[in-house]
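What follows is each chain in one-letter form.
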Amino acid sequence: MPVYTIRHSPALHGEAQINTSKNAVLPILAAALLCSSPVTIHRAPRLTDVDHMLRVLTDCGARIGRQDRDITIYPAALRQPREPQNLHSLRASILVLGPLCVRLGEAIVPLPGGCAIGQRPVDIHLNGLRAMGAETEQADNCAVARGRLRGANIYLDFPSVGATENLLMAAALADGVTRIENAAKEPEIVDLADFLNLAGAHIVGAGTGTLVIEGVSRLSGVEYTPIADRIEAGTLACAAAITKGSMLLCGVHGEHLRALLFKLREMGLLVQEDARGLCLRGQVRHGADIRTLSYPGFPTDLQAPMMTVACAARGRSVFLETIFENRYMHAISLCRMGADIRTEGRMAVVEGGRPLSGAVVEATDLRAGAALMLAGLIAQGETTLLDEPGHICRGYEGLDEKLRALGADVTIAPLH
Ligand code: EPZ
């Protein structure tokens, strides 16, 4: 798998076309299992997580066609997944639980288990399906849900993105009306609801904390283009901020990045929005305090890239990671590069403005890898970023290419 070599780079200048969102495409692919005829997703990003999800859908009996960035899912004879290894290593595979349960009356989905950033339980998913009439259990490292689903009033203990998506998909074909309160409000939830409504679902309230879904008897296949990836855009915005460059991020909605843009402006960056996308220039002058929250709060997926920005800004930045219990592993490598970061549980204190030096560092998860690639751009000398499991290409399509096109000195080589 890849090794990245990153050298100190000049200010990044230019335009970047933002891909469609990994975290919108993955649930929409799972939702294709609900449809009675073929679904085509346009402009799909070339990501290993997408490839992986397609293997999961194939394992559930669907047939897949790919033509460049168009993916067509033929939801033929659905069945329970048989290749546990496919599901164990992709967190998002849990998103087939709701669709299989409501279409087959039963879902037995091997659990991916925890990952670098946290334990990732699925209790909120199962509690919601139980409220809809399913018998649920976690056995043999599988999530199991059996029974005919009917509309119910559900309150989520935490506005879980994945649980909201699973329950939204299950409710779309359940008998009766389902009300989901304390639901996640992420733009990817709205995109999933838009896809399902286009296919014939009756969903109102997406993007608010309360979803009301009137179940229908069938959903028809549609063609759909998902929203732009706000996390890819936010990551590139952080690259502009630390290199004092100027960048136009095309295709992304500023509305989906309010919290990040507010913080970058607070730190000194100039940010403008126009019909083409987001224009950023200038530099961060001082630190800021970052508390990750569910949308519309600051996104946890941009906490790591933002920590690199905090290292570049003079003064103190205090981070509070309220979403995942172990999402500061990038701090260890940033300190190896000379940063002054102290972490204690969910809090991290960054004393920014210290010069960074190139080092050999390792990507521990997807967003940590991106943060370290950005850090290499402003470190003196050369940084070697080991990414043996291929974390970065799970969620970023050619991040090194996009940065290189903007003037960054980043190269990639296969690990010998
Ligand atoms: C989605 O993960 C995203 N992944 C994550 O992006 C993102 O960080 C996360 O939402 C939060 O925004 C996809 O959309 C594919 P959650 P998900 O359920 O659905 C706890 C990336 O880098 N929880 O909102 O798994 C959980 O442990 C990835 O692109 C329960 O306790 O996130 C976590 O602490 C990383 N019980 C918190 O909620 C449950 O049943 C948030 O999890 C479910 C979740």
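Residues numbered from 1 in each chain as written. Predicted model: local features only at pLDDT ≥ 70, side-chain atom pairs only at ≥ 80, totals over all residues. Heavy atoms only, no water.

### A look at the pattern of salt bridges
- What the rule picks out here adds up to 24 salt bridges.
- We note a salt bridge from Arg7 to Asp409, for which the minimum N-O separation is 3.4 Å. Remark: Asp409 occurs in strand S23 (residues 409-414) and Arg7 occurs in strand S1 (residues 2-7); sequence separation between them is 402 residues.
- With a shortest N-O distance of 3.9 Å, Arg265 and Glu273 are connected by a salt bridge.
- The exposure class of Arg265 is partly exposed, given its relative accessible area of 38%.
- Among the residues examined, Glu273 registers a relative accessible area of 38% and is labelled partly exposed. (Salt bridge = Lys/Arg side-chain N within 4 Å of Asp/Glu carboxyl O. Helix = DSSP H or I, 4+ residues; strand = E, 2+ residues; numbered from the N terminus. Buried < 20%, exposed > 50% of the residue type's maximum accessible area, 1.4 Å probe, protein only.)

### Examining helix H8 (residues 230-243)
- With 14 residues, H8 should cover 20 Å at 1.5 Å per step; its first-to-last C-alpha distance of 20 Å lies within 8% of that length.
- By the criterion of burial, H8 is predominantly enclosed, with 14 of the 14 residues buried.
- Where H8 starts, the residue carrying a side-chain oxygen 2.9 Å from the main-chain nitrogen of Ile231 turns out to be Asp229.
- A positive backbone phi angle near 60° is found at Lys244, which sits one or two residues after H8. (Expected span 1.5 Å × (residues − 1). Polar contact = N/O pair within 3.5 Å; in protein donor to acceptor, adjacent residues only side chain to side chain.)

### Things to note about the site of the ligand
- In the region of the ligand, 20 residues are neighbours, and Ile124, Ser160, Asp301, Ile323 and Arg367 sit closest.
- Within the backbone of Ile124, one N or O atom sits 2.8 Å away from an oxygen atom of the ligand.
- Within the side chain of Arg327, a nitrogen or oxygen atom sits 3.4 Å from an oxygen atom of the ligand.
- Alone, the ligand offers 830 Å² of accessible surface; in the complex the protein occludes 86% of this.
- When residues of the shell around the ligand are traced back to their parent elements, those giving at least two are helix H1 (22-31), helix H5 (123-131), helix H6 (161-172) and helix H12 (366-378).
- The greatest single-element share of the shell around the ligand, amounting to three residues, is contributed by H5.
- For the shell around the ligand, a count of residues per class yields nine nonpolar, five polar and six charged. (Near = heavy atom within 4 Å. Areas by Shrake-Rupley, 256 points an atom, 1.4 Å probe, with all protein chains shown as cover. Nonpolar A, V, L, I, M, F, W, Y, C, P; charged D, E, K, R; others polar.)

### Observations concerning H12
- For H12, the tally of buried residues reaches 13 of 13 residues, placing the bulk of the element in the interior.
- Backbone nitrogen of Arg367 and a side-chain oxygen of the N-cap are separated by 3.3 Å at the start of H12; the cap is Asp365.

### Concerning the sheet that holds strand S8 (residues 142-146)
- In space, the three strands of this open sheet follow the order S6-S8-S7, with antiparallel pairing throughout. Looking at which strands have only one partner, the edges of the open sheet turn out to be strand S6 (106-110) and strand S7 (135-139). Direction aside, neighbouring strands of the sheet carry axes that sit 10° apart on average.
- Note: S6 against S8, five bridges, orientation antiparallel. Paired with Ile108 across the two strands is Val144, which belongs to S8.
- In the packing of helix H4 (residues 97-104) onto the sheet, the strands contacted are S6 and S8, and the crossing angle to S6 comes to about 155°.
- Contacts between H5 and the sheet are confined to S7 and S8, with S7 contributing the most and set at about 155° to the helix. (Pairing = 2+ DSSP bridges. Axes fitted to C-alpha atoms, helices over the stretch in contact; angles between N-to-C directions. Contact = heavy atoms within 4.5 Å.)

### As for the state of the cysteines
- One pass over the full model with this rule turns up zero disulfides.
- Note on Cys60: no disulfide assigned, nearest cysteine sulfur contributed by Cys142 at a separation of 12 Å.
- Free cysteine Cys335: the closest other cysteine sulfur is in Cys311, separated by 7.5 Å. (Disulfide = S-S within 2.5 Å.)

### Comments concerning the nonpolar core
- Of all hydrophobic cores here, the largest spans 75 residues; its most connected members are Leu29, Met53, Val96, Met132, Phe195, Leu196 and Leu219.
- In terms of residue count, H6 provides more of this core than any other element does, seven residues in total.
- Beyond its immediate stretch of four places on either side in the chain, Leu196 contacts Ala31, Leu34, Leu168, Met169, Ala201, Ile203 and Leu219.
- Judged by nonpolar contacts, the second largest core, of 69 residues, contains Tyr328, Met337, Ala348 and Leu399. (Core = buried A, V, L, I, M, F, W, Y, C linked by side-chain atoms within 4.5 Å.)

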